[in-house]
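# Architecture and fold: a report
Okay, here's what each chain looks like letter by letter:
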Amino acid sequence: NNQLLILGIETSCDETSAAVVRGGTECLSNVISSQMDVHKKFGGVVPEVASRRHVERITLIIQKALEEAKVKMEEIDAIAVTQGPGLVGALLIGVTAAKALAYATGKPLVPVHHIAGHIYANHLVEPLTFPLVALVVSGGHTELIHMDRHNHFRRLGKTRDDAVGEAFDKVARLMKLPYPGGPQIDRLAAQGEPTYDLPRAWLEPGSFDFSFSGLKSAVMNLMHNASQRGEEIRYVDLAASFQEAALDVLVEKSIRAVKETGVDQLVLAGGVSANSALRIRLLERCKEEGIRLAIPPLELCTDNAAMIAVAGTYQFLDGELADLELNADANLPL
Ligand code: KG4
Ligand code: ZN
């Protein structure tokens, strides 16, 4: 098992990526071609533009991943690909490439859930220990997931409206900051103080669900009212206030989930894991509570194929394979 060679393919959004992982823990290559420059001028990811770019890049990126890993296609044990969730047109490019390769080589095909990938990114740093709770925070997801063993996921809660990364991006847009807005808010917030009063959506007592659209609307109203009154907004303070309101809920619900389920470890996953304040807050709170915390290194926070290959490894070992009828699923449940 520790010699299994898995080729991973990821095209769910605006990164075209391929990777080779050995034994589920050793990253031999992780080639990522970002389309950020293309989408930046539109202020967000344009789905059809993303698909077209994936088509151009995917074959070369796979070739490069094999080359960098110094592995021949014949040596690969299985091909793992992101089946969903994500932009359907973008997903289809990766799925089609993976199916063509599986057909041509006769290798098994492993359909991977994107969120499973984000969680398993941490496994490349230090093996995950079970049971665990994962806080998954990205542009498309905000979820608390319980895992009692490899490849078994149980959702404790999710966002009822906007994902937290989406809220960061929308608030950044209100402040006329460039896309993607998350890192911009992070940077501004570090220079400000949380002086504006914004709501925290705790929802019903005991719920592990989230809601961020009210917070985003509150920021919008605050800006609107200030401009009506001719008052100036201190953007650094507003960014700090927004970020604190979002993180308060994320951090406290995660800690409560760990305590209530009695797990050993909290695992952070997804693009918003790159947020500096979130990383610091979680480190502090987990230290106080005596909880073991796994935080992915920055290069593994964003979308990449290595995480898909890792998740694919454990799915392969469980025999969860796909046939050549595999289709992408934009709303694939975990
Ligand atoms: O996981 P990811 O790369 O793609 C999705 O699967 O959605 O996450 C992208 C999201 C974007 O919303 C981006 O603004 C956010 O992660 N993000 C951040 C930071 N870096 C990226 N949000 C807050 N602070 C950051 N430093
Ligand atoms: Zn992602």
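Each chain has its residues counted from 1, running along the sequence as written. Chain labels run from A onward and ligand labels from 1 onward, assigned in the order the entries are written. The predicted nature of this model means local features are confined to residues of pLDDT at least 70 and side-chain atom pairs, given and counted, to a pLDDT of 80 or more, with totals for whole chains, interfaces and linings taken over all residues.

If you check an unreviewed UniProt entry, the protein chain appears there as tRNA N6-adenosine threonylcarbamoyltransferase from Laceyella sediminis. UniProt positions are given in the numbering used here, feature names are shortened, and annotations may be inferred rather than shown by experiment. You can read under Sequence similarities (unreviewed entry) in the UniProt record for the protein chain the words "Belongs to the KAE1 / TsaD family." Within the UniProt record for the protein chain, the comment given under Catalytic activity (unreviewed entry) is "L-threonylcarbamoyladenylate + adenosine(37) in tRNA = N(6)-L-threonylcarbamoyladenosine(37) in tRNA + AMP + H(+)".

## Digging into the sheet that holds strand S3 (residues 26-34)
Strand order in the open sheet made by the five strands is S3-S2-S1-S4-S5, with mixed pairing throughout. Both outer strands of the open sheet, S3 and strand S5 (109-113), are each paired with one neighbouring strand and no more. Averaged over neighbouring strand pairs, the angle between their axes works out to 20° when direction is ignored. Bridge analysis of strand S4 (residues 78-84) against S5 gives five bridges, and the strand direction is parallel. Along S5, the bridge assignment pairs Val81 with Pro111. DSSP bridges decide pairing: two strands pair if at least two such bridges lie between them. Counting from the N terminus, the helices are DSSP H or I runs at least four residues long and the strands are E runs at least two residues long. Axis geometry follows a simple rule: fit a line to the C-alpha atoms, using only the stretch in contact for helices, then measure angles between N-to-C directions, giving values from 0 to 180 degrees.

## Let's talk about the site of ligand 1
Using the backbone to place each C-beta atom, any residue with that atom within 6 Å of a molecule or strand is considered near it. Taken together, 19 residues surround ligand 1, and among them Gly139, Gly165, Gly182, Gly271 and Asn275 come closest. For the shell around ligand 1, the secondary structure elements donating two or more residues are helix H5 (164-174) and helix H6 (181-189). Here the shell around ligand 1 gets four residues from one element, more than from any other, and that element is H6. Residue composition of the shell around ligand 1, by class: six nonpolar, 10 polar and three charged. An automatic or database domain assignment supplies the residue ranges for each domain. Here the shell around ligand 1 gathers at least three residues from each of two domains, domain 1 (5-120 + 301-317) and domain 2 (130-295). Only Asp, Glu, Lys and Arg are considered charged in this grouping, and only Ala, Val, Leu, Ile, Met, Phe, Trp, Tyr, Cys and Pro are considered nonpolar; every other residue, Gly among them, is considered polar.

## A word on the UniProt feature "binding site: Fe cation" (unreviewed entry) in the protein chain
As recorded in UniProt, the feature "binding site: Fe cation" (unreviewed entry) lies at His114, His118 and Asp303. Across 190 residues, the annotated set stays spatially compact, with a maximum C-alpha separation of 8.7 Å. In this fold, His118 is placed in helix H4 (residues 114-120). Exposure is read from a count of other C-beta atoms within 10 Å of each residue's own; the residue is exposed at 12 or fewer, buried at 20 or more and partly exposed in between. C-beta atoms are placed from the backbone. Assessed through the 31 C-beta atoms surrounding it within 10 Å, His118 is described here as buried. Any pair of residues counts as being in contact when their C-beta atoms, constructed from backbone geometry, are within 7 Å of one another. The residues contacting His118, other than those within four sequence positions of it, are Val136, Ser138, Ala269, Gly270 and Met307. Turning to its location among the elements, Asp303 is positioned in the loop between helix H10 (298-301) and helix H11 (305-317). In contact with Asp303, other than residues within four places in its own chain, are Glu10, Ser12, Cys13, Glu15 and Ser17.

## So, the domain arrangement of the protein chain
Once the domains are mapped, the protein chain shows domain 1 (5-120 + 301-317) and domain 2 (130-295). Averaged C-alpha coordinates put domain 1 and domain 2 at centres separated by 27 Å. If you look at the interface, domain 1 gives 13 residues, while domain 2 gives 19 residues. Those elements giving two or more residues to the side of domain 1 that touches domain 2 turn out to be helix H1 (36-40), H4 and H11. At four residues, H4 tops the list of elements feeding residues into the side of domain 1 that touches domain 2. Residues belonging to the side of domain 1 that touches domain 2 are distributed by class as follows: six nonpolar, six polar and one charged.

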